Amino acid sequence: MKTILLRMLPLLLVGSLLGNCVYTELRSPGLAANMTQYVMNSDDYQIIGPVETQGEYVSWFLLVLTGETGYSDLLKQAREKGGDDIINYRFELRQKSILLVVWNRVIWNASALAIKYKDKVKK
């Protein structure tokens with residue numbers, strides 16, 4: 001009986017350590033850049049309105065990556081609305097992975113405010 005327990009102990013330890021790494025699913029807010037590089041006030045820009053987009057990126061063995069165009073999609077939508085830039089952007093991430101490095105899929109939702117700079121700022 002004692003030998004059976006000693007033989008199963010390593011399997012139980014390895015299983016408990018790797019059990020959570022085999023497949024994970026995580027949902028969290030992404031990093032938000034709320035830091036301003038220069039001081040602006042509401043006289044410097046006009047808010048055009050919200051812009052939103054979503055997408056995904058997938059990686060295999062950390063070598064093959066597809067996707068990752070969230071910020072540029074938001075900026076493109078802002079320019080289509082007549083804006084110059086985006087502010088207050090946020091990303092919400094949903095991640096699924098197998099063994100963390102074999103396969104990793106991130107589905108993201110992004111939102112921001114499109115703004116148009118006033119003439120005094122553009123000079």
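First things first, this report covers the structure right here in the doc. Chains are numbered independently. Their residues run from 1 in the order of the written sequence. Reporting of local features is limited, given that this is a predicted model, to residues whose pLDDT is at least 70; pairs of side-chain atoms are given and counted only at 80 or more, and all residues count toward the totals for whole chains, interfaces and linings. Side-chain metrics in this entry use all non-hydrogen atoms of the structure; hydrogen atoms and water are not considered.

Here we come to the overall build of the protein. Assigned secondary structure in the protein consists of three helices and five strands. Numbering goes from the N terminus for both helices and strands, where a helix is a DSSP run of H or I of at least four residues and a strand is a run of E of at least two. Ordering the α and β elements of the protein from the N terminus gives α-β-β-β-α-β-β-α. Only heavy atoms matter for contacts: two residues are in contact if any of them lie within 4.5 Å across the pair. Excluding contacts between residues fewer than 6 apart, the proportion of contacts in the protein whose partners are at least 24 apart in sequence is 70%. Taken as a whole, the protein presents about 9,300 Å² of accessible surface, with 60% of it coming from carbon and sulfur. Here the accessible surface of atoms and residues is derived via Shrake-Rupley with a 1.4 Å probe, and residues count as covered only by protein chains that are part of the display.

Note on aromatic pairs: each is described by the distance of the centres and the angle between the planes. Two rings belonging to Phe, Tyr or Trp (six-membered ring only in the last case) form a pair when the distance between their centres is within 6.5 Å. Interplanar angles under 30 degrees mark stacking, angles over 60 mark edge-to-face geometry, and anything in between is tilted. Evaluated as defined, the whole model comprises four aromatic pairs. Their ring planes at 80° and their centres at 6.3 Å tell us that Tyr89 and Phe91 sit as a pair that is edge-to-face. A single burial state applies to Tyr89 and to Phe91, both of which are buried. Clustering of aromatic rings is evident, with ring pairs tying together Tyr71, Tyr89, Phe91 and Trp108. For the exposure calls, accessible area comes from a 1.4 Å probe over protein chains only, and a residue counts as buried if that area is under 20% of its type's maximum, exposed if over 50%, partly exposed in between.

Our next topic: the pairing of strand E5 (residues 103–117). What makes two strands pair is DSSP finding at least two bridges between them. Note that strand E2 (residues 45–60) and E5 share 15 bridges and pair antiparallel. Within E5, the residue paired with Tyr45 across the bridge is Tyr117.

Like-charged residues are merged into a patch within 9 Å and nonpolar side chains (Val, Leu, Ile, Met, Phe, Trp, Tyr) within 5 Å, provided each residue has over 30% relative accessible area and no salt bridge. By definition here, a salt bridge exists when the distance from a side-chain nitrogen of Lys or Arg to a carboxyl oxygen of Asp or Glu is within 4 Å. Where nonpolar side chains cluster on the molecular surface, the patch consists of Trp60, Phe61, Leu63 and Val64 and spans about 480 Å² of accessible area. Residue position: Leu63 is located in the loop between E2 and strand E3 (64–66). The class for Leu63 is exposed, based on a relative accessible area of 73%.

What makes a nonpolar core is a set of buried Ala, Val, Leu, Ile, Met, Phe, Trp, Tyr and Cys residues whose side-chain atoms join them at distances within 4.5 Å. Core analysis: the biggest nonpolar cluster contains 11 residues, these being Val51, Leu74, Leu75, Ala78, Ile86, Tyr89, Phe91, Trp108, Ala110, Ala112 and Ala114. Secondary structure elements with two or more residues in this core: helix H2 (70–80), strand E4 (85–98) and E5. If you tally residues by element for this core, the top one is E5, at four residues. When near neighbours in sequence (up to four residues on either side) are disregarded, Leu75 contacts Asp84, Asp85 and Ile86.

Our focus in this paragraph is H2. Among the residues of H2, those classed as buried are Gly70, Leu74, Leu75 and Ala78. Seen from one end, H2 has its buried residues packed into an arc of 130°, which puts them on one side. Away from its buried face by more than 90 degrees, H2 exposes Lys76, Arg79 and Glu80. In this structure, the buried residues of H2 make contact with E2, E4 and E5. In the stretch just after H2, Gly82 is the one whose phi turns positive, near 95°. Comment: arc refers to directions from the helix axis out to C-beta atoms.

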